[in-house]
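Observations on the model geometry
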Amino acid sequence: YIFIYFLYLFFFQKKIVKGIPQFWLIALQHHEAFSQLVTEKDEKILEFLNNITWKPIEDSKCKSSFELQFHFSENPYFEHDILWKKYYLVEKHG
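So, about the pattern of salt bridges. Enumeration according to the criterion identifies one salt bridge in this entry. A salt bridge links E67 to K86; the nearest nitrogen and oxygen atoms lie 3.9 Å apart. Of this pair, E67 sits in strand β2 (residues 66-72) while K86 sits in strand β3 (residues 82-87); the two residues are 19 residues apart in sequence, bridging distant segments of the chain. K86 gets classed as partly exposed once you look at its relative accessible area, which sits at 32%.

Below, the discussion takes up the sheet that holds β2. Read from one edge of the open sheet, three strands run β1-β2-β3, paired in antiparallel fashion. Looking along the sheet, the strands with just one partner apiece sit at the ends: β1 (49-56) and β3. The mean inter-strand angle of the sheet, taken between neighbouring strand axes irrespective of direction, is 20°.

Secondary-structure assignment places S65 in the loop between β1 and β2. Residue class for S65 comes out buried when judged on its relative accessible area of 0%. Engagement of the side chain of S65 in a polar contact is seen with the backbone nitrogen of L89, the distance being 2.9 Å.

Moving on to the packing of aromatic side chains. With the rule as written, the count across this model stands at four aromatic pairs. With a centroid separation of 4.9 Å and 85° between ring planes, the pair formed by F23 and W24 is classed as edge-to-face. Look at F23 and you get partly exposed, because its relative accessible area is 26%. Relative to Y87, the ring of F66 has its centre 5.1 Å away and its plane inclined at 20°; by these criteria the two rings are stacked.

A word on the pairing of β2. Of all seven residues that make up β2, five are buried, and the element is covered over most of its length. Where β1 lies against β2, seven bridges are found, and the strand directions are antiparallel. Residue pairing for β2: W54 is matched across the bridge by L68. As judged from the six bridges shared by β2 and β3, these two strands associate in the antiparallel manner. The partner of E67 across the bridge, within β3, is K86.

The rules behind the values
- The written sequence of each chain sets the order in which its residues are numbered from 1.
- The predicted nature of this model means local features are confined to residues of pLDDT at least 70 and side-chain atom pairs, given and counted, to a pLDDT of 80 or more, with totals for whole chains, interfaces and linings taken over all residues.
- In computing side-chain values, all of the structure's heavy atoms are included and hydrogens and water are not.
- Each reported salt bridge corresponds to a side-chain nitrogen of Lys or Arg within 4 Å of a carboxyl oxygen of Asp or Glu.
- Comment: elements are numbered from the N terminus, with helices defined as DSSP H or I runs of at least four residues and strands as E runs of at least two.
- Buried residues are those whose accessible area, probed at 1.4 Å on protein chains only, stays under 20% of the maximum for their type, while exposed residues exceed 50% and partly exposed ones sit between those limits.
- Two strands pair under a simple rule: DSSP has to find at least two bridges between them.
- Here an axis means a line fitted to C-alpha atoms, over the contact stretch when the element is a helix, while the angle between two N-to-C directions is reported on a 0 to 180 degree scale.
- Pairing of N or O atoms within 3.5 Å defines a polar contact, subject to two protein rules: one partner must be a possible hydrogen donor and the other a possible acceptor, and residues neighboring in sequence count only if both atoms are side-chain atoms.
- Side-chain rings of Phe, Tyr and Trp, where Trp is taken by its six-membered ring, are said to pair if the distance between their centres is within 6.5 Å; with planes under 30 degrees apart they count as stacked, over 60 as edge-to-face, and otherwise as tilted.

Dropping the structure here:
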């Protein structure tokens, strides 16, 4: 969850890493929370990951909810160039 929070802060500030070959593959391979989770199959797919973008979820009750979009170049693994994941967060009161 620390890595997701890092991504959230990183993209909230509109800083986007783009154009560095295999940046995300290398970043995930060397991050302590994910390095043991990235398999050889993941590595092959992540070679095609070009960018990750962030946008808020407008219809969420929590202002902190967001969507991550994973932008891939053409690849043999799936037909869509953007895969997304939505994170609905709950605000604690009190």
